[in-house]
Amino acid sequence: MAVSAQLLVEELHIFGLECEEAVTEKLVELCILYGQNEEGMASELIAFCTSTRKDCLTLETLNSFEHEFLSKRLSRTWHGASKDRGHRHAGPRDIVSIQELIEVEEEEETLLNSYTTPSKGSQKRTITTPETPLTKRSVSARSPHQLLSPSSFSPSATPPQKYSSRSNRGEVVTSFGSAQGVSWSGSGGTSHLSLKVLGHPEPLTRSYKYMFQKLPDIREVLTCKIEELGSELKEHYKIEAFAPILVPAQEPVTLLGQIGCDSNGKLNHKSVILEGDLEHSSGTQIPVDLSELKEYSLFPGQVVVMEGINTTGRKLVATRLYEGVPLPFHQPDEEDGDSEQFMVLVACGPYTTSDSITFDPLLDLITIINRDRPDVCILFGPFLDAKHEQVESCLLTSSFEDVFKQCLRTIIEGTRSSGSHLIFVPSLRDVHHEPVYPQPPFSCSDLLREDKKRVRLVSEPCTLSINGVTFGLTSTDLLFHMGAEEISSSSGTSDRFSRILKHILTQRSYYPLYPPQEDVAIDYENFYLYAQLPVTPDIFIAPSELRYFVKTPAMPPAPVGISSHHRDADLNQKEPLLHLEFPLQARTGKNRGQARRALLPACFRFSEASPAFSGESDFGYLDPLTSLIVS
């Protein structure tokens, strides 16, 4: 049957729908496949878009249209025709009969299985028909090993040798506080949980257009950041007024600005410049002499208030550096629920080993989740790592999007029996996802109704409140990025990690470094809206190439009171934040320069005793796992 693409476009144009060329080609294919003319296909598509409230035509919309409407109608038509005609062929629709579709799938699977190793054998899928559909019970009862078949997207997939032969499974690698005797099991989401994503003013929930930045727009965002933090510091330290940068003065002056470097190299104590704000200094720059400062910690992009002498208007001799002020803590309300103990498990990708794409660590993680039944599981990307050797070499036979969806479905269906709430945080290294910061959440339109209640897709970065306990989450290695650029001087012993954490909180941003690292593409308009800290988090979690650690960094007092669960804890109120740092372990062999993540478990008690943490390497070789118990 001949189908006119032009006629299809004209029929849809009547209803105000515009089509791209790829969408039009897909519509022509659907018309031929399902035996529809142009007018009939346009009418059914308009009805579908109206009922589902879709206002634009995309390939994703057409896939939903085919899956939710055309295929179901085909099944009813074929079933009715088989009854009326004694199971005879349905005339011109033979090519789309259910039996022939099954045969086509079997042929494709046979072709893929021919590339697998003999030890794996043939892995035939269960044949389903309209008369014998695959029930939800049988779906949830399937093993994760059946759900995630690496041979379907990587013919050369072989089991990881080092991972399978590891001997340190279950090893405790670090501990914090009184973690002995803690029960490492949750209620599987049966207890009441209040999960909220906090934003300022609101969280990022959908994709946005990027790569349209103009330099004046970037400058406006940086100026707003300087002015806002400067206003807070001025009010906190009772500063009368800021002086212009280039105006000579014989007496000490107080200047507001942003730290920069006077060259293209790395920042050092002789290359520091202060870029003034727009209101007082018109954005001008002045070199800074740090010789009179006994203690300082600076990095490019840091907003500071400095006091010093500027006798010539050409160089500032700094004598004092005002310490930044963090945001207040989140104040729990009635909606945040009670303070019952709950368990949070945290894991971070990649979920494959460096020498294989078989996702064995992910399958082990699912086993841990089903065993311990945590209340909440926070899973960081990357789920399909852009830096994996087989991904970089384009050795996968399926698209990156399909492999990710298979991975996501494996996690959701494989943990359904545990009842745990799942939080998915994307990564800039997720090869199928948008590589822009801040990063929008994953999209998953085919979630079952029972799964929608327990699956939450959040952005990168994200501030999450669980029963009033606030988690700061980011999958970007900002500690490593800032640690490579930070310079410091101290009269005594100084902890670099605590200094960096302190900068993140006092700069009130998930990524205060400017300019950013080359592999971090920041959209600054959305960065200003979605990558700022709305509150000071109770627990800050981040992966890094640095060695793992858990600590409460020394912090200046917050502007307002600390939340109740901190006051009840046996904590120094100047050190209210607990930070978890996950390492990226170096690869071996020819990939030694690349890295991958490893995780740790933790246990926290805020109401009766000091926070407790215990690190347990359930995956041993590369992918340990993190658990938190909060009460």
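Residues numbered from 1 in each chain as written. Predicted model: local features only at pLDDT ≥ 70, side-chain atom pairs only at ≥ 80, totals over all residues. Heavy atoms only, no water.

The protein chain carries the name DNA polymerase alpha subunit B in an unreviewed UniProt entry, which gives Ovis aries as its organism. Listed in UniProt under the heading Sequence similarities (unreviewed entry), the comment for the protein chain reads: "Belongs to the DNA polymerase alpha subunit B family." Taken verbatim from the UniProt record of the protein chain, the Subcellular location (unreviewed entry) comment is "Nucleus". (UniProt positions renumbered as here; feature names shortened; annotations may be inferred.)

(A) Structural context of the nonpolar core. Within the largest apolar cluster, 28 residues are counted, with the highest numbers of intra-cluster contacts made by Tyr437, Leu479 and Tyr511. Contributions of two or more residues to this core are made by helix 9 (215-236), helix 15 (478-485), helix 16 (496-506), helix 17 (524-530) and strand 16 (539-543). Counting residues per element, this core draws most heavily on helix 16, at five residues. Taken domain by domain, the makeup of this core includes at least three residues from each of domain 2 (195-208 + 329-479 + 520-551) and domain 3 (215-323). (Core = buried A, V, L, I, M, F, W, Y, C linked by side-chain atoms within 4.5 Å. Buried < 20%, exposed > 50% of the residue type's maximum accessible area, 1.4 Å probe, protein only. Helix = DSSP H or I, 4+ residues; strand = E, 2+ residues; numbered from the N terminus. Domains from an automatic or database assignment.)

(B) Structural context of the sheet that holds strand 8 (residues 316-321). If you trace the five strands once around the closed barrel, you get 3-4-5-8-7, paired in mixed fashion. The average angle at which neighbouring strand axes cross in this sheet is 55°, direction not considered. Sheet topology note: the strand 3 (residues 249-261)/strand 7 (residues 303-310) ladder contains seven bridges and is antiparallel. Within the sheet, the bridge partner assigned to Ala249 lies in strand 7 and is Asn310. Contacts between helix 9 and the sheet are confined to strand 3, strand 4 (272-276) and strand 7, with strand 3 contributing the most and set at about 135° to the helix. (Pairing = 2+ DSSP bridges. Axes fitted to C-alpha atoms, helices over the stretch in contact; angles between N-to-C directions. Contact = heavy atoms within 4.5 Å.)

(C) Summary view of empty space enclosed by the protein. Applying the stated criterion to the full structure yields two cavities of 30 Å³ or more. Reported here for the largest cavity is a volume of approximately 80 Å³. Together, 16 residues line the largest cavity, and Leu198, Gly199, Pro461, Thr463 and Tyr530 are the ones closest to its centre. For the lining of the largest cavity, the secondary structure elements donating two or more residues are strand 2 (195-198), strand 13 (462-466) and helix 17. Residue lining of the second largest cavity: Leu229, Glu232, Leu233, Val303, Gly324, Val325, Thr506, Gln507 and Arg508, and that is the complete set. In terms of residue class, the lining of the second largest cavity is made up of four nonpolar, three polar and two charged. (1 Å grid on protein atoms, 1.4 Å probe; cavity = no way out; pocket = protein on both sides within 12 Å on 5 of 7 lines; lining within 4 Å. Points joined across faces, edges and corners; volume = space filled by probe spheres on them. Nonpolar A, V, L, I, M, F, W, Y, C, P; charged D, E, K, R; others polar.)

(D) View of the packing of aromatic side chains. Overall, the coordinates contain 14 aromatic pairs when judged by the stated rule. Centre to centre, the rings of Phe383 and Phe442 are 5.7 Å apart; their planes meet at 75°, and the pair counts as edge-to-face. Of the two residues, Phe383 sits in the loop between strand 10 (376-380) and helix 12 (389-392) while Phe442 sits in the loop between strand 11 (421-425) and helix 14 (449-452), which places them 59 residues apart along the sequence. By relative accessible area, which is 1% here, Phe383 ends up buried. Taking 4.6 Å as the distance between ring centres and 45° as the angle between the ring planes, the aromatic pair formed by Phe404 and Phe442 counts as tilted. Of the two residues, Phe404 sits in helix 13 (residues 400-414) while Phe442 sits in the loop between strand 11 and helix 14, which places them 38 residues apart along the sequence. Among the aromatic residues, those joined into a ring-pair cluster are Tyr351, Phe383, Phe404, Phe424 and Phe442. Note that Arg547 overlies the ring of Tyr548, its terminal NZ or CZ placed 4.6 Å from the centroid. (Phe/Tyr/Trp six-rings, centres within 6.5 Å; stacked < 30°, edge-to-face > 60°. Lys NZ or Arg CZ within 6 Å of the ring centre and 35° of its normal.)

(E) Highlighting the pairing of strand 9 (residues 342-348). For strand 9, a buried count of seven out of seven residues is recorded, marking the element as mostly surrounded by other parts of the structure. By the alternation rule, side chains of strand 9 split into Phe342, Val344, Val346 and Cys348 and Met343, Leu345 and Ala347, which are all buried. Relative to strand 10, strand 9 runs parallel, the two being bridged by five bridges. Directly across from Val344, in strand 10, lies its bridge partner Val376. For the crossover that starts at strand 9, traverses helix 11 (residues 360-372) and ends in the parallel strand 10, the hand is right-handed. (Right-handed = clockwise from strand over helix to strand, strands pointing away.)

(F) Representation of helix 16 in the model. Most of helix 16 is tucked away, with nine of its eleven residues classed as buried. Among the residues of helix 16, Phe497, Ser498, Arg499, Ile500, Leu501, His503, Ile504, Leu505 and Thr506 are the ones counted as buried. The backbone nitrogen of Phe497 lies 3.2 Å from a side-chain oxygen of the residue at the head of helix 16, namely Asp495. (Polar contact = N/O pair within 3.5 Å; in protein donor to acceptor, adjacent residues only side chain to side chain.)

(G) Representation of the environment of Ala249. Residue position: Ala249 is located in strand 3. What makes Ala249 buried here is its relative accessible area of 19%. Distance from Ala249 to Thr312, taken between C-alpha atoms, is 7.4 Å for residues 63 residues apart in sequence. Once you skip the residues sitting within four places of it in the chain, Ala249 turns out to touch Ile309, Asn310 and Thr311.

(H) Summary view of the pairing of strand 5 (residues 285-289). Side chains Ile286 and Val288 project from strand 5 onto a buried face, and the interleaved Gln285, Pro287 and Asp289 project onto a face without burial. In terms of strand pairing, strand 5 meets strand 8 through two bridges, oriented parallel. Counted as the bridge partner of Asp289 is Val317 from strand 8.

(I) Focus on the pattern of salt bridges. For the structure on display, the rule yields eight salt bridges. Asp451 is paired through a salt bridge with Arg416; the nearest N and O atoms lie 2.8 Å apart. Of the two residues, Asp451 sits in helix 14 while Arg416 sits in the loop between helix 13 and strand 11, which places them 35 residues apart along the sequence. Of the two residues, Asp451 and Arg416, both sit in the buried class. The partner of Asp451 in a salt bridge is Arg454, with the nearest N and O atoms 3.6 Å apart. By the burial criterion, Asp451 is buried, and Arg454 matches it. Via salt bridges that share partners, Arg416, Asp451 and Arg454 belong to a single interconnected network. (Salt bridge = Lys/Arg side-chain N within 4 Å of Asp/Glu carboxyl O.)

(J) Structural context of the side chain of Lys26. Within the secondary structure, Lys26 is located in helix 2 (residues 21-34). With relative accessibility at 18%, the residue Lys26 sits in the buried group. What Lys26 contacts, discounting residues up to four positions off in sequence, is Leu59, Leu62, Asn63 and Glu66.

(K) Molecular detail of helix 2. The end-to-end C-alpha separation of helix 2 is 20 Å, in line with the 20 Å expected for 14 residues at 1.5 Å each. Restricting attention to buried positions, one finds in helix 2 the residues Val23, Thr24, Lys26, Leu27, Val28, Leu30, Cys31 and Tyr34. Following helix 2 by one or two positions, Gly35 has its phi on the positive side, about 65°. (Expected span 1.5 Å × (residues − 1).)

(L) Structural context of the side chain of His433. Assignment of secondary structure puts His433 in the loop between strand 11 and helix 14. When its relative accessible area of 11% is taken as the criterion, His433 is described as buried. One polar contact links the side chain of His433 to the main-chain carbonyl oxygen of Pro440, over a distance of 2.7 Å. Look past the residues within four positions of His433 in its chain and what remains in contact with it is Pro426, Gln439, Pro440, Pro441 and Phe442.

(M) The arrangement of the packing of helix 11 against helix 13 in detail. Running from N to C, helix 11 and helix 13 point in directions that differ by 20°, and their axes come no closer than 10 Å. The angle between the axes of helix 11 and helix 13 places the two elements in the roughly parallel class. The chirality of how helix 11 crosses helix 13 is right-handed. Counting all contacts with helix 11, which are made through Leu362, Leu363, Ile366 and Asn370, the residues of helix 13 involved are Cys407, Thr410, Ile411 and Gly414. (Parallel < 35°, antiparallel > 145°, perpendicular 65-115°, else oblique. Left-handed = near helix turned anticlockwise from the far one by under 90°.)

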